[in-house]
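Residue-level structural notes
Next come the chains, spelled out residue by residue.
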Amino acid sequence: MLDTLRRVPTPEGFELTLRLAGPVARALAYAVDLVIRAAVLLALSISLPELVGGGAGLLLIAYFLLEWFYPVAFEVWWGGATPGKRAFGLAVLGDNGAPVTFGASVTRNLLRAVDFLPMLYAFGLVSMLVARDFKRLGDLAAGTIVVYRDRPGVRAAIPAAPPLAPAVSLNLEERRAILDFAERHATLSEERADEVASHATPLLRRGAPPARTLLSIANHQRGGRPI
Amino acid sequence: MRIEQLSLALRARNAWEAFDLGIALARQTGLPLFAGFALPYVAFAVLVNLALWGQPTLAAIAVWWFKPVFDRIALHVLAQAVFGTVPNVRATLRGLRAVPRSGLFAALTLERFDFARSFHLPVAQLEGQTGRAGRARRRLLDRRTRSHAVWLTVVVIHFVYVLILGFDGLLRLLAPEGVQFGFDLADLFGGQDAGDNGLLAQYLFSAALLAAECILEPLYVAAGFTLYLSRRTSLEGWDLEIAFRRLAARHGAGGAATLALLLALCTGLAVPDAAQAANAPEVAQASAAPGASADKAAIEQILKSPDFREYEEITSWKRKGQPPEDKPDLPRPNADFDFLAKLARVLAELMRILAWVAAIFIAGWLVYQISQRLGWFRGVFKGERAWRPEVMFGMDLRPESLPADIAAAARERLRASDLRGALSLLYRGALAGLVHERNLALRAGDTEGDCVRRVGATAPAAMATYFARLVEAWALLAYARRSPEPALVERLVGEWEQHFGGRTDAAKAAP
Amino acid sequence: MNQAQFEARHAAEWRDFESWLDAPGARKEAAAGVNPRHWPHRYRAVAHHLALAHDRAYGPELVDRLQSLALRGHQALYGSRGNAMAAVIEFIGSGFPALVRRESTLILTAIALLFVPLLGLIAILLRWPDFVHYLASPEQLLQYEAMYAPANRALGPQHKAESQLAMFGYYIWNNVRIDFQCFAGGLLFGVGAIFFMIYNGLMIGAVAGHLTQLGYISTFWGFVAGHSSWELLGAAISGAAGLKIGWALIAPGPHTRMASLKIASRTAVRLLYGAAGMTTCAAFIEAFWSSLRNLPVELKVTVGIVFWALFLAYFLFAGRDRDAASHAD
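**Some thoughts on the overall build of chain A**
In terms of helices and strands, chain A carries 10 helices and four strands. Each helix and strand of chain A, placed in order from N terminus to C terminus, yields the pattern β-β-α-α-α-β-α-α-α-α-β-α-α-α. Evaluated residue by residue, chain A yields a buried proportion of 50% over its 227 residues. Sequence separation of 24 or more characterises 64% of the internal contacts of chain A that already satisfy a separation of 6 or more. In the form shown here, chain A has an accessible surface area of approximately 10100 Å², with 65% of it arising from carbon and sulfur atoms.

What follows is the structure in structure tokens.
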């Protein structure tokens, strides 16, 4: 099964499932950061001469810091994401799924200079298209990955129906599928919902509409409390 | 569409993830996709440029305009690839006629500037919905998704320019000092003023554009296609359907399949894809032993990972040219020119072989010369001296790192009740003695057990037994942290001279 | 135990852990300071509960909650702080010179490929000045002569930050280009690396020899002395990295060419890191020190010689004790 996940086993016996981020989202995140940096620099170039006078040198320093330490600072102290990455739900992590370390962040950002070669991040783009886990050269050297951040899962409301115990015992995956079905019921057309539900044959009863039956089971799973 | 046969993992994805899946899909499909797109597209570009000789910009625009035609080839390959059957390049090119053409006219006129082109392509090509129906269908799919598809187009256009400028930059990077490579943008837009130089720059530019598109266009089509699949997954609950099918299979729904059929009929529901329902018994049968088949799939998956792959390079000669099974397809050449054609072919073949032989000979001679000259390079590479390791199990085995009289030194440590130090010294001394005096062939990756086995094979029996006891005591101490009886260690120290005593004299003499 | 009992028994623990996770960074550290083992224990307990919940097929909502707690705990506890630049400092302090010593054969070869043509050409041009016309066009020569003509001194010092920064950018590009050529040429079985090293040696030698023979000593040698060691050694080391890769392709040993390339590139990349650092420093010195025109040439040449001596000492001795330590039992 083709997918874009990276699974990392932890010493504590559970598995991290990381959703790797590829070039399209990352390029857009970079563009957002570029705009932010340019805006900051523009604001400084207007305000600095007023405030301290003769700001050319200071401006150069500001540019230098923005270019090299803007990403590092955000990646290390703001949950692994620059504002641009945050806007697209991205975060930088170490290969083992742990938060990116300072050294790794510095490495991957200094090596942006190599990714930039020969022009406009062409090496970085090709590397992302070719390398495992969509890594650019800096990621390869620093041992980092860029992933989609998981949002803390708040389950949506499900349509109310009289609770019904399932006819067979269900494993975790199956129970999850039934809850998903109930949550997404509203986005499916009525015919399609019944058609999808009709595949769960062991749970259905003769004569009862399949989608309603599954909704009842979902309500039972939620402890009979319609939310 | 038989979604249960998709080789993509279906799950709820956001649009960006869908694009990433598209890139992964294109990468997995590989050559058939990229060559299947590039060969016809480049051929077409060459023809157009020949027809419009001297007007490279116009030609480039014309080629670009007809790009949607070639997108269809890419999607045709991808649509097979998602079901796990990737045709090879030859089959792809032979099957060009089979590529659906529905809605092609609209794609080249009204919809040429559709900014969600690759996302909409499957509607026309795979669903065959064009005209009004197609528009309605697209409107449905567009909801909450179109903006992402548009962003994809915008980003890919930028990627094209990144690759073009990167190509130019690469030329400049590789140009020796004082040589002007690459195309100047000033030349490019200088038009007629730039003269010949400008024309050359324009041709260079369109070549770079073509190359960049050959890389990115298949990815663009693939990303649009996976966005389309992902949209339909959430719209029609494909992932749920597959989960429920699995549920039914796990609980071995014997009569359940018929029940589904009955239900579908009884409740009088519209089942758009009747084949699905008819398929149900097959599905139930195929997954009669779901556990076993899933395990098997998992095993195959793991064995496919790079860790389990074994590479072996086998070189052999093979005559190039048409493979025998294609012979019957060849049209018989005209009998009159048979002789000439045959002669030309033989001559050409001969020249080719001669050229190869010459090239190989020259290359071989060069390599020979270089390796002769740089003979002193040999020591640099670790592998060649692995048989006499300096370090085993993290221990230094060079004779000069050991004390001159090992037994005495060990006895001293023993007296200081440093059992570990004494054993370690004996073990190191024994290994060093075996490696340097008896020329025992060890490898850097050998385990203790390997060492014992090798010693047993070459050394006198008494020495081998002694060594085995020593290793056992050491392994227990080092790995299991079980201190041996001091008496045992004392015995080992006492017997040391008897087996490895010769070594001390040699060490004294050596430095 | 059914799900409700399980939840009831551990709910307090989970809430406790969750509130710690929700705490902002500083307070989290403070809370961890009380008993540093407390939170890791809690985290492991949650991971254990997650495994139990999975195994007993408790409801997906409970499993998801525990999963999210475990993930966040992993993020919070595995984020390593401190010893930030240790690896970088280790590399500069001992790793890089040790690597250079280990690959000394390659490095010396690369240095010979670069410096023999360079110095040889200087010698030739001092003896036969006209030889330069085989190597460079009159326009190029005029350009270089204009750059380093002693009369330039009258143009006044050019150490405004802006122009220096622009020159810094230009020098970086130029140095990166030379390093890249020397390295990437290695992929052509080393032939490209050899070509570019000899070629650059010849070009630099031609300019140096020509200008020396014209007597532009104070301007030219005063200019290049400071950064010469950084730039030329950097180019030689990236060339050595290219040779390493080329050799891996010529003589892959028991590996396939691809595997051999992968193995060699690990070392080559480390060499390149060092070379890149040196090259960047070279551009910096070139832009901000070498371009100062009102310093006595003796000072500048002395500084240049000191740099060379320092590099010699660095590559010969830095990190020796580490070498010895790593060999000890």
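Now that the structure is up, let's keep going.
**Observations regarding the overall build of chain C**
The secondary structure content of chain C amounts to 13 helices and zero strands. Starting at the N terminus and walking to the C terminus, you meet the elements of chain C as α-α-α-α-α-α-α-α-α-α-α-α-α. Relative to its full complement of 329 residues, chain C shows a buried share of 45%. The contacts of chain C with a sequence gap of at least 6 include a subset with a gap of at least 24, amounting to 80%. Carbon together with sulfur atoms contributes 66% to the accessible area of chain C, which is approximately 16700 Å² in total.

**Some thoughts on the sheet that holds strand E4 (residues 144-148) of chain A**
Residues and elements named next belong to chain A. An order of E1-E2-E4-E3 is seen for the four strands of this open sheet, with the pairing classed as antiparallel. The strands lining the two open edges of the sheet, one partner per strand, are strand E1 (5-9) and strand E3 (90-94). Pairwise comparison of adjacent strand axes, ignoring direction, gives a mean angle of 45° for this sheet. Two elements, strand E2 (residues 15-20) and E4, share two bridges in a ladder whose sense is antiparallel. Bridge pairing in E4 links Arg19 to Tyr148.

**Describing the environment of B:Tyr479**
Residues and elements named next belong to chain B. Take Tyr479: it is sitting in helix H20 (residues 461-480). When its relative accessible area of 57% is taken as the criterion, Tyr479 is described as exposed. If we skip the residues at most four places from it in the chain, Tyr479 touches Glu448 and Trp474.

**Some words on empty space enclosed by the protein**
Inspection of every chain in the model, using the stated rule, returns six cavities of 30 Å³ or more. The calculated volume of the largest cavity comes to roughly 170 Å³. Lining the largest cavity are 14 residues; nearest its centre among them are C:Ser218, C:Thr219, C:Leu292, C:Arg293 and C:Lys300. For the lining of the largest cavity, the secondary structure elements donating two or more residues are helix H7 (138-148), helix H10 (217-250) and helix H12 (297-317) of chain C. The dominant element in the lining of the largest cavity, judged by the number of residues it contributes, is H10(C), at four residues. The residue makeup of the lining of the largest cavity, split by class, is seven nonpolar, four polar and three charged. In this structure, the second largest cavity encloses a volume near 140 Å³. Lining of the second largest cavity is provided by 13 residues; of these, B:Ala107, B:Glu111, B:Arg117, B:His120 and B:Leu121 occupy positions nearest its centre. When contributions to the lining of the second largest cavity are tallied by element, the ones reaching two or more residues are helix H4 (67-81) and helix H7 (117-125) of chain B. Among the elements that line the lining of the second largest cavity, the one with the most residues is H7(B), at five residues.

**Observations regarding the interface of chain B and chain A**
A common way to express how large an interface is: the accessible area buried when the components associate. Tallying the contact residues gives 59 residues for chain B and 61 residues for chain A. Summed over both sides, the interface of chain B with chain A buries roughly 5000 Å², with 69% coming from carbon and sulfur. Inspection of the region where chain B meets chain A yields six salt bridges. A salt bridge links B:Glu17 to A:Arg19, with the shortest nitrogen-to-oxygen separation between them at 2.6 Å. Where chain B packs against chain A, one counts 18 residue pairs in polar contact (both at pLDDT 80 or more). Residue assignment for the side of chain B that touches chain A shows that the elements contributing at least two residues are helix H1 (15-29), helix H9 (146-174), helix H11 (195-236), helix H12 (238-250) and helix H13 (256-266) of chain B. Taken together, the residues of the side of chain B that touches chain A sort by class into 38 nonpolar, 11 polar and 10 charged.

**With respect to the pattern of salt bridges**
Under the definition given, this model contains 36 salt bridges over all chains. Between B:Arg245 and B:Glu4 there is a salt bridge, and its shortest N-O distance comes to 3.8 Å. Remark: B:Glu4 occurs in the segment before H1 and B:Arg245 occurs in helix H12; sequence separation between them is 241 residues. The exposure class of B:Arg245 is buried, given its relative accessible area of 9%. Shared partners join several salt bridges into a network, and the residues in it are A:Asp3, A:Arg19, B:Arg11, B:Arg13 and B:Glu17.

**Here's the deal with unusual backbone geometry**
Residue and element names in this part refer to chain A. In this structure, Leu120 is a non-glycine residue whose phi angle is positive, near 55°. Here Leu120 is to be found in the loop between helix H5 (112-116) and helix H6 (122-130). Phi angles above zero are rare outside glycine, and Tyr121 is one such case at about 65°. Relative to the helices and strands, Tyr121 resides in the loop between H5 and H6.

What counts, and at which threshold
Residues numbered from 1 in each chain as written. Chains lettered and ligands numbered in written order. Predicted model: local features only at pLDDT ≥ 70, side-chain atom pairs only at ≥ 80, totals over all residues. Heavy atoms only, no water. Helix = DSSP H or I, 4+ residues; strand = E, 2+ residues; numbered from the N terminus. Buried < 20%, exposed > 50% of the residue type's maximum accessible area, 1.4 Å probe, protein only. Contact = heavy atoms within 4.5 Å. Areas by Shrake-Rupley, 256 points an atom, 1.4 Å probe, with all protein chains shown as cover. Pairing = 2+ DSSP bridges. Axes fitted to C-alpha atoms, helices over the stretch in contact; angles between N-to-C directions. 1 Å grid on protein atoms, 1.4 Å probe; cavity = no way out; pocket = protein on both sides within 12 Å on 5 of 7 lines; lining within 4 Å. Points joined across faces, edges and corners; volume = space filled by probe spheres on them. Nonpolar A, V, L, I, M, F, W, Y, C, P; charged D, E, K, R; others polar. Buried area = accessible area lost by both parts, 1.4 Å probe. Salt bridge = Lys/Arg side-chain N within 4 Å of Asp/Glu carboxyl O. Polar contact = N/O pair within 3.5 Å; in protein donor to acceptor, adjacent residues only side chain to side chain.

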